[in-house]
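Chain residues, written in single-letter form:
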Amino acid sequence: MKALEATKAVSIFQESVLDWHKNEAPHPNPYPDGTLESTLYQKNHVDTIQWHIEDEIRRPDIALEEVVALKRKIDKLNQDRTDMVEKLDDFVIEMFRSVTPKPDARLNSESPAWLLDRMSILELKIYHMEEQVNRKDDSATKEHIEKCQSKLNVLLEQRQDLLKCLEELFDDYAKGIKRVKVYRQMKMYNDQNLNPSLYKNQK
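Below is a short write-up of the structure. (Residues numbered from 1 in each chain as written. Predicted model: local features only at pLDDT ≥ 70, side-chain atom pairs only at ≥ 80, totals over all residues. Heavy atoms only, no water.)

### Topic: the packing of aromatic side chains
Part 1: Scanning the model with the defined rule gives three aromatic pairs in all.
Part 2: Each ring, one from Phe96 and one from Phe170, has its centre 5.7 Å from the other, and the planes form 40°; the classification is tilted. Remark: Phe170 occurs in helix H5 (residues 142–175) and Phe96 occurs in the loop between helix H3 (64–95) and helix H4 (112–133); sequence separation between them is 74 residues. Each member of the pair Phe96 and Phe170 is classed as buried. (Phe/Tyr/Trp six-rings, centres within 6.5 Å; stacked < 30°, edge-to-face > 60°. Helix = DSSP H or I, 4+ residues; strand = E, 2+ residues; numbered from the N terminus. Buried < 20%, exposed > 50% of the residue type's maximum accessible area, 1.4 Å probe, protein only.)

### Considerations on the packing of H3 against H4
Part 1: Contact geometry of H3 with H4 gives a least axis separation of 8 Å together with a crossing angle of 125°. In terms of orientation, H3 and H4 fall into the oblique class. Crossing of H3 against H4: the hand is right-handed. For the pair H3 and H4, the contacting residues are Arg81, Thr82, Val85, Leu88, Asp89 and Val92 in the first and Pro112, Ala113, Trp114, Leu116, Asp117 and Ile121 in the second.
Part 2: In the contact of H3 with H4, the residues fall into eight nonpolar, one polar and three charged. (Axes fitted to C-alpha atoms, helices over the stretch in contact; angles between N-to-C directions. Parallel < 35°, antiparallel > 145°, perpendicular 65-115°, else oblique. Left-handed = near helix turned anticlockwise from the far one by under 90°. Contact = heavy atoms within 4.5 Å. Nonpolar A, V, L, I, M, F, W, Y, C, P; charged D, E, K, R; others polar.)

### Some details on unusual backbone geometry
Part 1: A positive phi angle, close to 50°, is found at Glu24, a residue other than glycine.
Part 2: Looking at where Glu24 falls in the secondary structure, it is placed in the loop between helix H1 (6–23) and helix H2 (36–56).

### Some thoughts on H1
Along an α-helix, residues three or four positions apart point the same way, because every turn accommodates 3.6 residues.
Part 1: Between its terminal C-alpha atoms H1 stretches 28 Å, which fits the 26 Å expected from 18 residues at 1.5 Å a residue.
Part 2: The set of residues buried in H1 consists of Ala6, Ala9, Val10, Ile12, Phe13, Ser16, Val17, Asp19, Trp20 and His21.
Part 3: Elements in contact with the buried residues of H1: H2, H4 and H5.
Part 4: One or two positions beyond H1, positive phi appears at Glu24, with a value near 50°. (Expected span 1.5 Å × (residues − 1).)

### With respect to the packing of H4 against H5
Part 1: Remark: H4 packs on H5, axes separated minimally by 9 Å, with the N-to-C direction vectors making an angle of 160°. With respect to their mutual orientation, H4 and H5 come out roughly antiparallel. For H4 against H5, the interelement crossing comes out left-handed.
Part 2: Here the contact of H4 with H5 is composed, by residue class, of 20 nonpolar, four polar and six charged.

### Here's the deal with the nonpolar core
Part 1: Counting residues in hydrophobic clusters, the biggest one holds 34 residues, and the most contacted among them are Leu4, Leu40, Leu116, Met119, Leu166 and Phe170.
Part 2: Counting residues per element, the ones that place at least two in this core are H1, H2, H3, H4 and H5.
Part 3: Not counting residues within four places of it along the chain, the set of residues in contact with Met119 comprises Ala6, Val10, Phe13, Leu162, Leu163 and Leu166.
Part 4: In this structure, Ile53, Leu70, Ile74 and Leu77 belong to the second largest nonpolar core, which totals seven residues. (Core = buried A, V, L, I, M, F, W, Y, C linked by side-chain atoms within 4.5 Å.)

### Comments concerning the pattern of salt bridges
Part 1: One pass over the structure, following the stated rule, counts 16 salt bridges.
Part 2: Arg81 is paired through a salt bridge with Asp117; the nearest N and O atoms lie 2.5 Å apart. Within this pair, whereas Arg81 is found in helix H3, its partner Asp117 is found in helix H4, the two being separated by 36 residues in sequence.
Part 3: On the basis of relative accessible area, Arg81 is assigned to the partly exposed category, the value being 21%.
Part 4: Of the residues examined, Asp117 reaches a relative accessible area of 3% and is grouped as buried.
Part 5: Arg159 serves as the salt-bridge partner of Glu123, at 2.8 Å between the closest nitrogen and oxygen. On the criterion of sequence distance, the pair formed by Glu123 in helix H4 and Arg159 in helix H5 is long-range, its members being 36 residues apart.
Part 6: Arg159 gets classed as buried once you look at its relative accessible area, which sits at 17%. (Salt bridge = Lys/Arg side-chain N within 4 Å of Asp/Glu carboxyl O.)

Structure follows, in C-alpha coordinates:
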(Lines give C-alpha, C1' and ligand atoms only; values in the text may rest on other atoms or scores of the structure.)
Protein backbone atom coordinates (compact mmCIF):
# COMPACT_ATOMS: atom_id res chain seq x y z
CA MET A 1 0.00 0.00 0.00
CA LYS A 2 1.60 3.25 -1.07
CA ALA A 3 1.74 6.21 1.28
CA LEU A 4 -0.81 8.97 0.95
CA GLU A 5 0.58 12.47 0.59
CA ALA A 6 -1.65 15.12 2.15
CA THR A 7 -1.05 17.53 -0.74
CA LYS A 8 -2.06 14.82 -3.25
CA ALA A 9 -5.36 14.29 -1.40
CA VAL A 10 -6.12 18.00 -1.53
CA SER A 11 -5.30 18.18 -5.23
CA ILE A 12 -7.77 15.34 -5.91
CA PHE A 13 -10.45 17.11 -3.88
CA GLN A 14 -9.83 20.29 -5.89
CA GLU A 15 -10.03 18.31 -9.14
CA SER A 16 -13.40 16.87 -8.11
CA VAL A 17 -14.78 20.28 -7.16
CA LEU A 18 -13.73 21.81 -10.48
CA ASP A 19 -15.05 18.85 -12.49
CA TRP A 20 -18.51 19.09 -10.91
CA HIS A 21 -18.74 22.84 -11.45
CA LYS A 22 -17.91 22.63 -15.15
CA ASN A 23 -21.49 21.55 -15.80
CA GLU A 24 -22.92 21.68 -12.27
CA ALA A 25 -23.57 17.97 -12.62
CA PRO A 26 -21.95 14.63 -11.72
CA HIS A 27 -18.68 13.91 -13.47
CA PRO A 28 -17.12 10.51 -14.28
CA ASN A 29 -14.44 9.43 -11.81
CA PRO A 30 -11.13 9.66 -13.71
CA TYR A 31 -9.31 7.17 -11.45
CA PRO A 32 -9.36 3.35 -11.59
CA ASP A 33 -12.00 1.63 -9.46
CA GLY A 34 -10.84 0.45 -6.06
CA THR A 35 -7.86 2.77 -5.85
CA LEU A 36 -7.16 5.26 -3.10
CA GLU A 37 -7.31 8.09 -5.65
CA SER A 38 -10.72 6.96 -6.86
CA THR A 39 -12.03 6.83 -3.30
CA LEU A 40 -10.74 10.33 -2.53
CA TYR A 41 -12.32 11.68 -5.71
CA GLN A 42 -15.64 9.97 -4.98
CA LYS A 43 -15.58 11.22 -1.39
CA ASN A 44 -15.40 14.82 -2.51
CA HIS A 45 -17.92 14.18 -5.28
CA VAL A 46 -20.47 13.12 -2.65
CA ASP A 47 -19.64 16.20 -0.57
CA THR A 48 -20.03 18.47 -3.60
CA ILE A 49 -23.44 17.09 -4.53
CA GLN A 50 -24.63 17.39 -0.94
CA TRP A 51 -23.31 20.96 -0.70
CA HIS A 52 -25.57 22.07 -3.56
CA ILE A 53 -28.59 20.16 -2.34
CA GLU A 54 -28.13 21.84 1.06
CA ASP A 55 -28.19 25.18 -0.79
CA GLU A 56 -31.30 24.23 -2.73
CA ILE A 57 -33.30 23.08 0.28
CA ARG A 58 -32.94 26.54 1.86
CA ARG A 59 -34.74 28.34 -0.96
CA PRO A 60 -37.72 30.22 0.54
CA ASP A 61 -39.94 29.41 -2.46
CA ILE A 62 -39.44 25.66 -2.40
CA ALA A 63 -42.53 23.43 -2.18
CA LEU A 64 -42.97 21.23 0.90
CA GLU A 65 -42.94 18.00 -1.08
CA GLU A 66 -39.66 19.04 -2.68
CA VAL A 67 -38.20 19.72 0.77
CA VAL A 68 -39.06 16.16 1.79
CA ALA A 69 -37.50 14.73 -1.37
CA LEU A 70 -34.32 16.75 -0.90
CA LYS A 71 -34.09 15.77 2.77
CA ARG A 72 -34.20 12.12 1.77
CA LYS A 73 -31.41 12.75 -0.73
CA ILE A 74 -29.37 14.43 2.01
CA ASP A 75 -29.86 11.44 4.31
CA LYS A 76 -28.67 9.10 1.56
CA LEU A 77 -25.66 11.31 0.83
CA ASN A 78 -24.79 11.45 4.54
CA GLN A 79 -24.72 7.67 4.58
CA ASP A 80 -22.63 7.61 1.40
CA ARG A 81 -20.26 10.11 2.98
CA THR A 82 -19.81 7.91 6.05
CA ASP A 83 -19.27 4.84 3.87
CA MET A 84 -16.57 6.66 1.88
CA VAL A 85 -14.82 7.79 5.07
CA GLU A 86 -14.72 4.21 6.31
CA LYS A 87 -13.24 3.07 2.99
CA LEU A 88 -10.53 5.70 3.37
CA ASP A 89 -9.79 4.50 6.89
CA ASP A 90 -9.40 0.97 5.48
CA PHE A 91 -6.69 2.30 3.16
CA VAL A 92 -4.92 3.97 6.09
CA ILE A 93 -5.08 0.81 8.22
CA GLU A 94 -3.47 -1.13 5.39
CA MET A 95 -0.88 1.60 4.87
CA PHE A 96 0.50 1.17 8.39
CA ARG A 97 -0.26 -2.53 8.94
CA SER A 98 3.43 -3.46 9.07
CA VAL A 99 4.24 -0.83 11.74
CA THR A 100 4.46 -2.07 15.33
CA PRO A 101 3.31 0.72 17.66
CA LYS A 102 5.52 1.53 20.62
CA PRO A 103 4.28 0.33 24.04
CA ASP A 104 3.36 3.88 25.01
CA ALA A 105 1.86 4.77 21.61
CA ARG A 106 -0.97 7.28 21.89
CA LEU A 107 -4.36 7.26 20.22
CA ASN A 108 -5.80 10.05 18.11
CA SER A 109 -9.41 11.08 18.79
CA GLU A 110 -10.05 11.65 15.08
CA SER A 111 -9.25 9.04 12.46
CA PRO A 112 -7.23 10.14 9.41
CA ALA A 113 -10.26 9.69 7.16
CA TRP A 114 -12.41 12.05 9.22
CA LEU A 115 -9.60 14.58 8.98
CA LEU A 116 -9.68 14.03 5.21
CA ASP A 117 -13.44 14.57 5.38
CA ARG A 118 -12.87 18.01 6.89
CA MET A 119 -10.24 18.76 4.24
CA SER A 120 -12.64 17.74 1.46
CA ILE A 121 -15.40 20.04 2.70
CA LEU A 122 -12.87 22.81 3.26
CA GLU A 123 -12.03 22.76 -0.46
CA LEU A 124 -15.71 23.39 -1.19
CA LYS A 125 -15.73 26.31 1.23
CA ILE A 126 -12.65 27.78 -0.42
CA TYR A 127 -14.09 27.36 -3.94
CA HIS A 128 -17.36 29.06 -3.06
CA MET A 129 -15.76 31.81 -0.99
CA GLU A 130 -13.50 32.59 -3.95
CA GLU A 131 -16.67 32.86 -6.05
CA GLN A 132 -17.96 35.48 -3.65
CA VAL A 133 -14.69 37.42 -3.69
CA ASN A 134 -14.79 37.48 -7.49
CA ARG A 135 -18.45 38.49 -7.85
CA LYS A 136 -19.07 41.38 -10.27
CA ASP A 137 -22.83 41.82 -9.94
CA ASP A 138 -24.27 45.01 -8.46
CA SER A 139 -25.51 43.31 -5.27
CA ALA A 140 -21.96 42.37 -4.31
CA THR A 141 -20.92 45.47 -2.40
CA LYS A 142 -17.35 46.43 -1.58
CA GLU A 143 -18.06 45.57 2.05
CA HIS A 144 -19.32 42.13 1.04
CA ILE A 145 -16.21 41.46 -1.05
CA GLU A 146 -13.91 42.58 1.78
CA LYS A 147 -15.69 40.38 4.33
CA CYS A 148 -15.48 37.40 2.00
CA GLN A 149 -11.80 38.03 1.33
CA SER A 150 -11.17 38.06 5.07
CA LYS A 151 -13.01 34.75 5.43
CA LEU A 152 -11.13 33.30 2.46
CA ASN A 153 -7.82 34.19 4.08
CA VAL A 154 -8.82 32.20 7.16
CA LEU A 155 -9.92 29.23 5.04
CA LEU A 156 -6.62 29.21 3.16
CA GLU A 157 -4.73 29.28 6.46
CA GLN A 158 -6.88 26.40 7.69
CA ARG A 159 -5.99 24.41 4.56
CA GLN A 160 -2.31 24.66 5.44
CA ASP A 161 -2.95 23.77 9.07
CA LEU A 162 -4.98 20.67 8.18
CA LEU A 163 -2.35 19.58 5.67
CA LYS A 164 0.24 19.79 8.43
CA CYS A 165 -2.02 17.92 10.87
CA LEU A 166 -2.49 15.04 8.45
CA GLU A 167 1.22 14.88 7.58
CA GLU A 168 2.16 14.85 11.27
CA LEU A 169 -0.42 12.17 12.06
CA PHE A 170 0.90 9.92 9.28
CA ASP A 171 4.44 10.54 10.49
CA ASP A 172 3.46 9.56 14.04
CA TYR A 173 1.85 6.37 12.72
CA ALA A 174 4.94 5.52 10.67
CA LYS A 175 7.18 5.97 13.73
CA GLY A 176 4.85 4.01 16.00
CA ILE A 177 4.33 7.07 18.20
CA LYS A 178 0.59 6.81 17.63
CA ARG A 179 -1.50 3.69 17.20
CA VAL A 180 -3.88 3.32 14.26
CA LYS A 181 -7.31 2.56 15.69
CA VAL A 182 -10.61 3.17 13.93
CA TYR A 183 -14.15 3.17 15.28
CA ARG A 184 -16.97 2.73 12.78
CA GLN A 185 -19.76 5.29 12.92
CA MET A 186 -22.61 2.78 13.35
CA LYS A 187 -25.21 5.31 12.22
CA MET A 188 -28.70 4.31 13.26
CA TYR A 189 -31.15 6.64 11.52
CA ASN A 190 -30.97 4.90 8.11
CA ASP A 191 -31.11 1.37 9.55
CA GLN A 192 -34.58 -0.17 9.55
CA ASN A 193 -33.54 -2.45 12.41
CA LEU A 194 -32.19 0.35 14.64
CA ASN A 195 -34.39 3.38 13.99
CA PRO A 196 -37.64 2.98 16.04
CA SER A 197 -39.52 5.24 13.63
CA LEU A 198 -38.74 2.74 10.88
CA TYR A 199 -39.01 -0.66 12.53
CA LYS A 200 -42.22 0.18 14.44
CA ASN A 201 -43.96 0.78 11.12
CA GLN A 202 -42.77 -2.42 9.51
CA LYS A 203 -45.48 -4.97 8.78
